[in-house]
Structures are given as C-alpha cells and as structure tokens.
Amino acid sequence: MEGFEIDLCKAVAAAALGSSYRYELIQTTEMNRFVQLANGEFDVLIAASTHTFERDVHEVSSGIGFTFSTPYMYDGMTFNGVPEFVTCADKLSVIGECASIRICSRIGTTWYDKTEDLFPASNIVAEESRQESIKNLIEGKCNVIQTERHQASASDAELRALGYDGPYAQGVNAFTKEPLAIVTRDGDPEFADFAELVLQSLFHAEAQNVTMMTADTFTQTGDFFGDEYEDMFKNALAAVGNYGEIYARHLEPISARLKVDTINHGETGLLISHPFGNVDTVGPGPIKGGVIESILERGFLRCGIPLRLRHSNSSSILEDAQEPSSDERVGLDMEFCRALSASILQRAPDNVRSRIFLLLNMETFP
C-alpha cells in the first residue's frame, strides 16, 4: 500500500526505529478510529482526522480527549456525485427539482455533523464507511457523496474502477474547515512531541531544500529524546523525503497544492481558526487537583506577563516605583489574560493577578 498518510506513518516509524524501521497498518473506520486509538490497537492515528476543540477535550465515541499535531494539511468537505444534485447541494436546496437529493454521509465525521446542520434528516443517508458510501451511489440509494477537496479527482477514478458508469461532478464549495492532523493518546506527551517533531522536520527540510537524496545533510536533534535518536530527522527524510516530495509523489497528480499548504517563508500572516466541533458535547469537567480547579478555588487567575520598562540612555529602569495593579495594565498580553480569566471564572475578567516576568531588555520577548 502507498499513500500520502502512509508516508507520514513511515516517517514516524523511521525516526523511532532507525533505517531498518518496520511498521504495521491497521484498518480503521471513521466510527471506530478514536476508540481503537484509545484502546491501544495502534500507536498513532494518521487518517485524515480533523482537529477540533471538542476532540481535543472530549471525543464523543471514546469519551476522552486526544493530542493533535500541527495540521499536515488544511482541507474541506465538498459534495460530489450526480451533477444536477451536486449543484443542489452547493446551493443548499432541497425544494423543487432538488427535493429528491440524497446525501451519503459517514457517521462519526465532522462532515456528518455539518450535513445535519445544513440539510433535513430525510435527505441524509447515514452510513459507516467510504465503501458503503460508494456502494450506495452505484446502487442509486444516494446521488451525492462527500470527500475532502483534494480527494475529489481520485474519488472519480475510484468510482469508475468500482463500476460506477454515471455522470460525476465535484462541487464548487468547501463547506467545512478540516485541519488534518496526526493524533496520539493523551497521557504520553513525549510521544506526541516526537510525532510533532517528525512532522516539523518534513516542513523544515522542504524550506531548506533538503531532499530524500540529501537527508544526511539535515540537522540532528541533539539530546531532545536521548543520544540514540540524534539522527531521527535524517532517518525520517531518508525514508520518505521532505513534505513537498511526499505531496508531489501522491497528491500533485490529482490535486494542486493550495497556498495554505505551502511553506510560509514569512510572506503571509494568515491565521486559521480551528473548528470547535460540537459545542453541545458534555465533557468530563475540570481534572481533580488540576489547574482549572485550583483557579476556581483561588478565585483569580495568575498570569505571567512582561513588566513594561522604559529606556534611559543605555540602561533600562522601571517606569514606576510601584507595580501597577492588574486592572491598570494594558496591552495584548493582558487582554489574553482577561479573556482566559473571564472564561474560567464565568465572566469575571477583572479577577486577574499578574505574576511578572521582569525583562531587562524590552526590545524582544522570546
């Protein structure tokens, strides 16, 4: 088996096990993937899984939260299938000639949650797998299916290979934001960091024009995870190449790389907000003895911010002999502190007390 996300799996395996790495692919579905990860059936989930805040804290099917990497791709759900009904879906219409639209949507996905918000239940055909979705389209049980934007062309070819001989079109609009990420279990931050750094090494290698063939010139990790892993980045690159090479090998023939998925050399300040997920989900509440519980018991948030200084010739001195109180402080740092305080203490943004980081040089705050 070959594929974009399989190469990401290979990269993690090579970083962890060296040049003689081995890996096992475990089949999963949208409905079962988080439960299987929670149960330890696989070590890492790399299966077009969207990072939502809900899943970060309390994923519904497993009842727990998970750790997500930096997104390895930004995508979005499109409607595809019989052209006239794809047009109906793009227009969010279920009346007139669009009354017979039937949208196959997979349970356990952000797509399903969004489709429930956009269309009546009578126009949605719920299913458990991609295979079932394709089968339903071929048999006429639905006339619209869903894919990630970058998968639409491949979906057409796959459908033809499986026997679909009807007209097929990709929708124009993307109806969701899908930051796709590597997922690991909570409770092992070192492994989560390990997977994150492997992903970042693929980004950095592309930015520095280091390829699979020149992997031995890439940086070593020092003692991030111990001396035995100093070549983890080189091993990952030697196994699969940099991010651009992986994309060109598997996805470029079917979907052009979007601007948002290219290396940012500082020419853009684009910020992308992650989706919340289902905000009606009832989570577990504050961890016993955790930080949130401590803040609630204390009644105020302690927030570390820089103490503002003014310059006098070559030296820096305090602006005031007395530290200003929390409500006198201004600035971006303080606004974030107030927002966090208001969230935890139920709209009490003034309940902020600052623990001050004294900066001898105000030019930078790394």
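Residues numbered from 1 in each chain as written. Predicted model: local features only at pLDDT ≥ 70, side-chain atom pairs only at ≥ 80, totals over all residues. Heavy atoms only, no water.

A. Summary view of the packing of aromatic side chains. Under the counting rule described, the total for this entry stands at 13 aromatic pairs. Ring geometry for Phe-79 against Phe-175: centres 5.1 Å apart, planes inclined by 55°, an arrangement best described as tilted. Highlighted residues: Phe-79 in strand β4 (residues 77-81) and Phe-175 in the loop between β8 (169-170) and β9 (178-185), separated in sequence by 96 residues. For Phe-175, a relative accessible area of 17% corresponds to the buried category. By way of ring pairs, the aromatic residues Phe-4, Tyr-72, Phe-203, Tyr-243 and Tyr-247 are connected into one cluster. When the ring centre of Tyr-247 is taken as reference, the NZ or CZ atom of Arg-257 above it lies at 5.7 Å. Stacked on the ring of Phe-300, the Lys or Arg Arg-298 has its end atom at 5.5 Å from the ring centre. (Phe/Tyr/Trp six-rings, centres within 6.5 Å; stacked < 30°, edge-to-face > 60°. Helix = DSSP H or I, 4+ residues; strand = E, 2+ residues; numbered from the N terminus. Buried < 20%, exposed > 50% of the residue type's maximum accessible area, 1.4 Å probe, protein only. Lys NZ or Arg CZ within 6 Å of the ring centre and 35° of its normal.)

B. Seen up close, the nonpolar core. Core analysis: the biggest nonpolar cluster contains 34 residues, and Phe-4, Leu-8, Tyr-72, Met-73, Val-198 and Leu-202 have the highest contact counts within it. Counting only elements with at least two residues in this core, the list comes to α1 (4-17), β1 (45-50), β9, α8 (189-207), α9 (232-240) and α10 (243-250). Considering each element in turn, this core owes the most residues, seven residues, to α8. In this structure, Ile-101, Ile-124, Leu-137 and Leu-159 belong to the second largest nonpolar core, which totals 23 residues. (Core = buried A, V, L, I, M, F, W, Y, C linked by side-chain atoms within 4.5 Å.)

C. The arrangement of a nonpolar patch on the surface in detail. Together, Met-1, Tyr-23 and Leu-25 make up an exposed nonpolar region whose accessible area comes to about 330 Å². Examined against the element boundaries, Met-1 turns out to sit in the segment before α1. (Patch = residues over 30% accessible without salt bridge, like charges linked within 9 Å, V, L, I, M, F, W, Y side chains within 5 Å. Areas by Shrake-Rupley, 256 points an atom, 1.4 Å probe, with all protein chains shown as cover. Salt bridge = Lys/Arg side-chain N within 4 Å of Asp/Glu carboxyl O.)

D. Representation of the confidence of the model for the protein chain in the model. Predicted confidence across the protein chain gives a mean pLDDT of 86, with 87% of residues reaching 70 or more. Confidence drops under a pLDDT of 50 for residues 314-322, and excluding neighbours within four residues, the segment shows 14 contacts in the predicted structure. For the stretch residues 358-366, pLDDT sits under 50, and the model shows 17 contacts to residues farther than four places along the chain or on other chains. (pLDDT = per-residue confidence, 0-100. Contact = heavy atoms within 4.5 Å.)

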